[in-house]
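Understanding the architecture of this molecule
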Amino acid sequence: MHPRSRLLLAVPAALALLAAAGCGGGSGSDGRNGRLDMGIAVANISLNFAHEMVLGAESAASHQGDVNFKTVGPPNTDGPAEVQLFQNLTARAKDGIVLENLDPPIFTRPAARAVDQGIPIVALDTSPTDGSKVGFYVGNDNYGLGELMAKEALKRLGKDPRGQIVIGVPNPGTPVLDNRAKGIADTFRKQAPNVEILGPFQTYSDPGQNYSSWSAQVNAHPKAVAFLGVGDADSYNLAKIKKAQHGSWLTAGFDVDPKTLDAVKDGSNFVTIDPQHFLKGYLSTSMLIEAVRDHQGKLLQGWFLSPGAVVDRSDIDQIIARQKSAKAAYDWYKPTIDKLLGDQKAQLKPLKDAR
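Sequence positions are assigned chain by chain, starting from 1 and proceeding in written order. Where local features are concerned, this predicted model is filtered to residues with pLDDT of at least 70; where side-chain atom pairs are given and counted, the filter is 80 or more; whole-chain, interface and lining totals use all residues. The basis for the side-chain values is all heavy atoms of the structure; hydrogens and waters are excluded.

A look at the nonpolar core
Among buried residues, those of type Ala, Val, Leu, Ile, Met, Phe, Trp, Tyr and Cys that are joined through side-chain atoms within 4.5 Å constitute a nonpolar core. Any residue under 20% of the maximum accessible area for its type is buried, any over 50% is exposed, and the rest in between are partly exposed; the area is computed with a 1.4 Å probe on protein chains only. If you look at the biggest cluster of nonpolar residues, it comprises 41 residues, and the most contacted ones within it are Met38 and Ile40. Strands here are runs of E lasting at least two residues and helices are runs of H or I lasting at least four, both read from the DSSP assignment and numbered beginning at the N terminus. Looking at this core, the elements that each hand over two or more residues are strand S1 (36–41), helix H3 (48–64), strand S2 (67–72), strand S4 (121–124), strand S5 (136–139), helix H9 (232–245), helix H11 (277–294) and helix H13 (326–342). Looking at this core element by element, the count peaks at 9 residues for H11. Any two residues whose heavy atoms approach within 4.5 Å at even a single point are treated as in contact. What Met38 contacts, discounting residues up to four positions off in sequence, is Val67, Asn68, Phe69, Lys70, Ala93, Asp95, Gly96, Leu288, Ile289 and Val292.

Spelled out as structure tokens, the structure:
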């Protein structure tokens, strides 16, 4: 087993099967002054970004204590399947749910129904739609993370770069991903006007489809100086293609899948952008529990800005160490967790400004 696969395996794929069957958990909530029934729904239980959020959420629930916490999510990115799992979860997680998804419009009515039933909902990673009745969102400044990636690429392309920059998005129409791509493209247009921006092209979240899509883009654009993706499969598949073709172009993507960290460590990818999903999962769940226990279920309102970071060869070893276990991740994030939870309103922005 790869030594860094343990973190990913900490949330078994069997969770998706348990979710679909509606089994697991306790006998029900003992009330908001006692044991709580809560949960998290994610878009794809098989990919790294979801594992990270789940591990953070489960860690927060464990630290808070007396929380019967359930995770649901389909084994592949499937919005309607997640809707069904989320709806099943509302029947048991009456005290609160953290909701992450990649297709916000189809969750508008299910989320609104849950809120009408008195279930507190925190939107995680993808901002809620206007009609969802969800008013609290924990997420990154994804446009800003896209800017970070472009600026890191520009450092390596030299003065007045020329050529083509190819941008890929796994799920076009998902605000999180579209904002990252826009941040990349806008930054190049401002700071490197002689570069030609191509895309964003759809690269798919399924690893196999993602590899095929990027292979086609690399073959179609032999003059490109950089191929930049905004998802986690983008990262490791671009590195794999670059190695196979002995490419000299720049490649990078997002997230901290073990294969992506290997690609940064060996220099195949010049960086990865880390949205710090474990941190978001922890913060969202901790604030949800606090709201239910201490504030009669009244959540903060607005966009709680959670940070992200560049990972390159200068700090790759400490990030690899952080990823070895959920405990290692918590220990690494603890100073940030304490700071952000200690002054929550300092991180709060209008929901309409989420990007």
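Overview of the sheet that holds strand S12 (residues 309–311)
The mixed open sheet is built from 6 strands, whose spatial order is S7-S6-S8-S9-S10-S12. The sheet is open, and its two borders are formed by strand S7 (195–202) and S12, each paired with just one other strand. Looking at each pair of strands side by side, their axes are set apart by 20° on average, direction ignored. When DSSP finds at least two bridges between two strands, those strands are taken to pair. In the sheet, strand S9 (residues 250–254) pairs with strand S10 (residues 272–274) via 2 bridges, with the strands oriented parallel. Paired with Gly253 across the bridge in S10 is Thr272. Note on method: axes are straight lines fitted to C-alpha atoms, helices fitted across the in-contact stretch only, with angles between N-to-C directions ranging 0 to 180 degrees.

Topic: the confidence of the model for the chain
The pLDDT score gives, residue by residue, the confidence of the prediction method on a 0 to 100 scale. Per-residue confidence for the chain averages 92 on the pLDDT scale, and 91% of its residues sit at or above 70. Long-range and interchain partners of residues 1–32, a stretch whose pLDDT sits below 50, account for 59 contacts in this model, where long-range means more than four residues apart.

Some points on the sheet that holds S1
If you walk across this open sheet you meet the 7 strands as S2-S1-S3-S4-S5-S11-S13, and the pairing is mixed. Only two strands of the sheet have a single neighbouring strand rather than two, namely S2 and strand S13 (348–349). Pairing of S4 with S5, which is carried by 2 bridges, proceeds in the parallel orientation. In the sheet register, Leu124 faces S5, and the bridge partner there is Val138.

Observations concerning the packing of H11 against H13
Packing of H11 against H13 brings their axes to within 10 Å, and their N-to-C directions diverge by 55°. On the basis of the axis angle, H11 is oblique to H13. Both H11 and H13 take part in a crossing whose hand is right-handed. From H11, Phe278, Leu279, Tyr282, Leu283, Ser286 and Met287 reach across to H13, where they touch Ala326, Ala329, Tyr330, Tyr333, Thr336, Ile337, Leu340 and Leu341. Class assignment for the residues of the contact of H11 with H13 results in 12 nonpolar, 2 polar and no charged. If an angle is under 35 degrees, it is roughly parallel; if it is over 145, roughly antiparallel; if it lies from 65 to 115, roughly perpendicular; otherwise it is oblique. Note on convention: the crossing is left-handed when the near helix lies turned anticlockwise from the far helix by less than a right angle, right-handed when the turn is clockwise. Residues are grouped as follows: nonpolar covers Ala, Val, Leu, Ile, Met, Phe, Trp, Tyr, Cys and Pro; charged covers Asp, Glu, Lys and Arg; every other residue, Gly included, is treated as polar.

Points about the side chain of Thr272
Residue position: Thr272 is located in strand S10. Identification of polar contacts relies on pairs of N or O atoms within 3.5 Å, with a donor-acceptor requirement for protein atoms, meaning one able to donate a hydrogen and the other able to accept it, and with residues adjacent in sequence counted only if both atoms are side-chain atoms. A distance of 2.7 Å separates a polar atom in the side chain of Thr272 from the backbone oxygen of Asp255. Filtering out sequence-adjacent residues up to four positions away, Thr272 remains in contact with Ser235, Gly253, Phe254, Asp255, Thr260, Val264, Ala309, Val310 and Val311.

Some words on unusual backbone geometry
Between Gly199 and the following residue, Pro200, the backbone shows a cis peptide bond with an omega angle of 10°. If you check the backbone angles, Lys133 has positive phi at about 70° while not being a glycine. Topologically, Lys133 is positioned in the loop between S4 and S5. A positive phi is found at His246, a non-glycine position, where the angle reads about 55°. Along the chain, the position of His246 falls in the loop between H9 and S9. Residue classification places His246 among the exposed positions, given a relative accessible area of 73%.

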